[in-house]
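# Remarks on the overall topology
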Amino acid sequence: MGSHSSDDNIYLLGRDEAETERLNKQHRFLVAISGDTLIHPSIPKDTISAVADIGTGTGVWLEDFATKHPDPSSLDLHGFDISPAQFPTAHEIILAGKTRIPLSVHDTLLPYPPEHLGRYDLVHIRLLTAGLKQGDYTVLLKNARSLLKPNGYIQWEEVDTTSFCTNKTPELPAITTMRNTVIDAMLKLGLWPFAPQTVYDEICAGGFQHIHRETYTTEGKEHVHGIVTKWVAGVMRALVPPSMVALGKAENEEEARRKVDVLVGEFEEHCKDALALVSLGVTVGQRID
Ligand SMILES: C[S@@+](CC[C@H](N)C(=O)[O-])C[C@H]1O[C@@H](n2cnc3c(N)ncnc32)[C@H](O)[C@@H]1O
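Owing to the predicted nature of the structure, the values given are computational and were not obtained by experimental measurement.

## Re the side chain of Thr181
Here Thr181 shows up in helix α4 (residues 173-188). Leaving out residues up to four positions away in the same chain, Thr181 has contacts with Val240, Ser243, Met244, Leu247 and Lys249.

## So, the packing of aromatic side chains
To describe a pair of aromatic rings, one takes the distance between the centres and the angle between the planes. Going through the model one piece at a time under the given rule, you end up with 6 aromatic pairs. Here Phe164 and Phe267 contribute two aromatic rings whose centre-to-centre distance is 5.8 Å and whose plane-to-plane angle is 70°, an arrangement assigned as edge-to-face. Of this pair, Phe164 sits in the loop between β8 (148-159) and β9 (165-166) while Phe267 sits in helix α7 (residues 253-270); the two residues are 103 residues apart in sequence, bridging distant segments of the chain. A single burial state applies to Phe164 and to Phe267, both of which are buried. When the ring of Trp192 is compared with that of Phe194, the centres are 4.9 Å apart and the planes differ by 80°; the resulting orientation is edge-to-face. The class for Trp192 is buried, based on a relative accessible area of 19%. Sitting over the ring of Phe208, Arg145 keeps its end group 5.5 Å from the ring centre. Across the ring face of Tyr200, the terminal group of Arg213 is positioned such that the distance to the ring centre comes to 4.3 Å.

## What about empty space enclosed by the protein?
Per the counting criterion, the structure on display carries 2 cavities of 30 Å³ or more. What the largest cavity holds in volume is close to 790 Å³. Residue lining of the largest cavity: 46 residues in total, with Tyr11, Leu13, Arg126, Leu127 and Leu128 positioned closest to the centre. If you list the elements that add at least two residues to the lining of the largest cavity, you get β2 (10-11), α1 (17-33), β3 (50-54), α2 (60-68), β4 (76-81), β7 (120-126), β8 and α6 (225-246). A total of 5 residues in the lining of the largest cavity trace back to one element, the largest contributor, which is α6. The class makeup of the residues in the lining of the largest cavity is 24 nonpolar, 14 polar and 8 charged. Its volume calculated, the second largest cavity comes out at about 60 Å³. When the residues that make up the lining of the second largest cavity are grouped by side-chain class, the tally is 6 nonpolar, 4 polar and 2 charged.

## Side note on the nonpolar core
The biggest cluster of nonpolar side chains holds 62 residues, and the ones touching the most others in it are Phe65, Val232 and Phe267. For this core, the element with the most residues is α6, which contributes 10 residues. In contact with Val232, not counting residues within four places along its chain, are Phe164, Phe267, Ala276 and Val278. Grouped together as the second largest cluster of nonpolar side chains are 23 residues, Ala52, Leu147, Leu148 and Ala195 included.

What counts, and at which threshold
Residues numbered from 1 in each chain as written. Predicted model: local features only at pLDDT ≥ 70, side-chain atom pairs only at ≥ 80, totals over all residues. Heavy atoms only, no water. Helix = DSSP H or I, 4+ residues; strand = E, 2+ residues; numbered from the N terminus. Contact = heavy atoms within 4.5 Å. Phe/Tyr/Trp six-rings, centres within 6.5 Å; stacked < 30°, edge-to-face > 60°. Buried < 20%, exposed > 50% of the residue type's maximum accessible area, 1.4 Å probe, protein only. Lys NZ or Arg CZ within 6 Å of the ring centre and 35° of its normal. 1 Å grid on protein atoms, 1.4 Å probe; cavity = no way out; pocket = protein on both sides within 12 Å on 5 of 7 lines; lining within 4 Å. Points joined across faces, edges and corners; volume = space filled by probe spheres on them. Nonpolar A, V, L, I, M, F, W, Y, C, P; charged D, E, K, R; others polar. Core = buried A, V, L, I, M, F, W, Y, C linked by side-chain atoms within 4.5 Å.

Have a look at this one:
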């Protein structure tokens, strides 16, 4: 589950097969709550053909982008991640029309190799909170910016873990417990749970212009009721056990998983007549030199 990939890098989630499947399903959920769009409407889509995805995980966002593009062979796509554990075999995605999307191992807190500098129209980032300390955001953005062509765009999406709740009051104690456990563990591990606001602040401070910010939520979207309950349950099953271990609330992951199964069961029962409220913050900015 939670792993330390080097002395400096902490990552709260696992990278096993179950987590790979969760990331791929999560992609569909996140796209569904963002109006079925991969690229924010403030970005002129016809200017985007070279795209880098930082912290790409399984590469699912890039694969979906290419699959939906009218001419995938015209695209220059590249995924980067600090770990290849969730990459497809041979570190590349091969689409039906034989378009290849290469994936490289790279810690985004380090400078990118020269062949990638100034090459991309869009740098996409999604859900890096589980691996970023507060001070990392500035470094990450500087490196992300270096990948962009002049006038290129950054689009960074983060879920607000600190606001996880449902539309039913009073709040279920199991929800309070799970939310606070994750926040406390992240702070204890030196990670930073307040991602959407920090992303916006850092993009504003990082030399980007024409900044757009949008928060997508499940509020009022009864049609996502089933999918959001499943998604939150999956996130909690992935995040809370390592958080409990980090806080000393369980001796090992097995014990933590047993405790979390009970909490998640209560959450699922509660959601039979409640809607889980999730918010996804998206910030877009343009590199103007
Ligand atoms: C929760 S996953 C999200 C994956 C993908 N962006 C998505 O939305 O499906 C976070 C990913 O960020 C990667 N990551 C964490 N720290 C990183 C770093 N310093 N540089 C590059 N990737 C990193 C992890 O290895 C993991 O694959």
